[in-house]
Amino acid sequence: QVQLVESGGGLVQPGGSLRLSCAGSGFTFSHYAMSWYRQAPGKERELVAAITSTGDFTNYADSVKGRFTISRDNAKNTVNLQMNSLKPEDTAVYYCTARRRIGTMRSWGQGTQVTVSS
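Residues numbered from 1 in each chain as written. Predicted model: local features only at pLDDT ≥ 70, side-chain atom pairs only at ≥ 80, totals over all residues. Heavy atoms only, no water.

Q: Describe the pairing of strand E1 (residues 3-7), with residues and values.
A: Of the two faces of E1, only the one carrying Leu4 and Glu6 is buried; Gln3, Val5 and Ser7 on the other face are not. Sheet topology places E1 next to strand E3 (residues 18-25); five bridges connect them, and they run antiparallel. When the sheet's bridge partners are listed, valine 5 is paired in E3 with alanine 23. (Buried < 20%, exposed > 50% of the residue type's maximum accessible area, 1.4 Å probe, protein only. Helix = DSSP H or I, 4+ residues; strand = E, 2+ residues; numbered from the N terminus. Pairing = 2+ DSSP bridges.)

As structure tokens, then:
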């Protein structure tokens, strides 16, 4: 029973920052790649950032490169997304996901709302 709980969302002005966190339980956290996805109203769900099980490699959507940073702490079973220089187009529900390996199903958290507006 994989469980993922996101936190840290909220309302922020353009140019501001937020740090999202995801706490995992019910699985061997260090064996799973972790990712953040987002979905804005009227738009398709998209991958924002991903990190390998050991944290040695990361990748990002082109739209967030240089602004967002994904990290993980396997000792605490957490993955984070530091979001800087936020733009209104970053407004979305952000979801934490876990996946054992390529070709397997992802597990999803409940999501946390991020709103970037003045």
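Q: Which residues make up the sheet that holds strand E7 (residues 68-73), and what values go with them?
A: Taken together, the four strands give an open sheet; going across it, the order is E1-E3-E8-E7, and neighbouring strands pair in antiparallel fashion. The sheet terminates laterally at E1 and E7, the two strands that pair on one side only. When the angles between neighbouring strand axes are averaged without regard to direction, this sheet yields 15°. Pairing analysis gives six bridges linking E7 to strand E8 (residues 78-83), with the strands arranged antiparallel. Counterpart to aspartate 73 in the pairing with E8 is threonine 78. (Axes fitted to C-alpha atoms, helices over the stretch in contact; angles between N-to-C directions.)

Q: I'd like to hear about the state of the cysteines, residue by residue, with values.
A: Tallying each qualifying case throughout the model produces one disulfide. Residue pairing for cysteine 22: its cysteine sulfur links by disulfide to cysteine 96, the two sulfurs lying 2.1 Å apart. Here the S-S torsion is close to -80°, and the disulfide linking cysteine 22 with cysteine 96 is therefore left-handed. Here cysteine 96 lies in strand E9 (residues 92-99) and cysteine 22 lies in strand E3, a separation of 74 residues in the sequence. By relative accessible area, cysteine 22 is classed as buried at 1%. (Disulfide = S-S within 2.5 Å.)

Q: Which residues make up the environment of alanine 98, and what are the values?
A: Topologically, alanine 98 is positioned in strand E9. The exposure class assigned to alanine 98 is buried, which follows from its relative accessible area of 0%.

Q: Let's hear about the environment of alanine 49: which residues, and what values?
A: In this structure, alanine 49 sits in strand E5 (residues 46-51). When its relative accessible area of 0% is taken as the criterion, alanine 49 is described as buried. Remark: the alpha-carbon pair of alanine 49 and glycine 10, spanning 39 residues in sequence, is separated by 19 Å. Sequence-distant contacts of alanine 49, defined by excluding residues within four places in its chain, comprise Met34, Ser35, Trp36, Asn59, Tyr60, Ile70 and Leu81. (Contact = heavy atoms within 4.5 Å.)

Q: Give me the lowdown on the pairing of E5, citing residues and values where you can.
A: Bridge count for strand E4 (residues 33-39) against E5 is five bridges, and the pairing is antiparallel. Bridge assignment links tryptophan 36 to a residue of E5, and that residue is alanine 49. Two successive antiparallel strands, E4 and E5, enclose a turn made up of six residues, where glycine 42 displays a positive phi of approximately 75°. Sheet topology places E5 next to strand E6 (residues 58-60); three bridges connect them, and they run antiparallel. Looking at the pairing, alanine 49 lines up with tyrosine 60 of E6. Where E5 folds back on E6, the antiparallel hairpin that results is connected by six residues, among which glycine 55 adopts a positive phi of roughly 80°.

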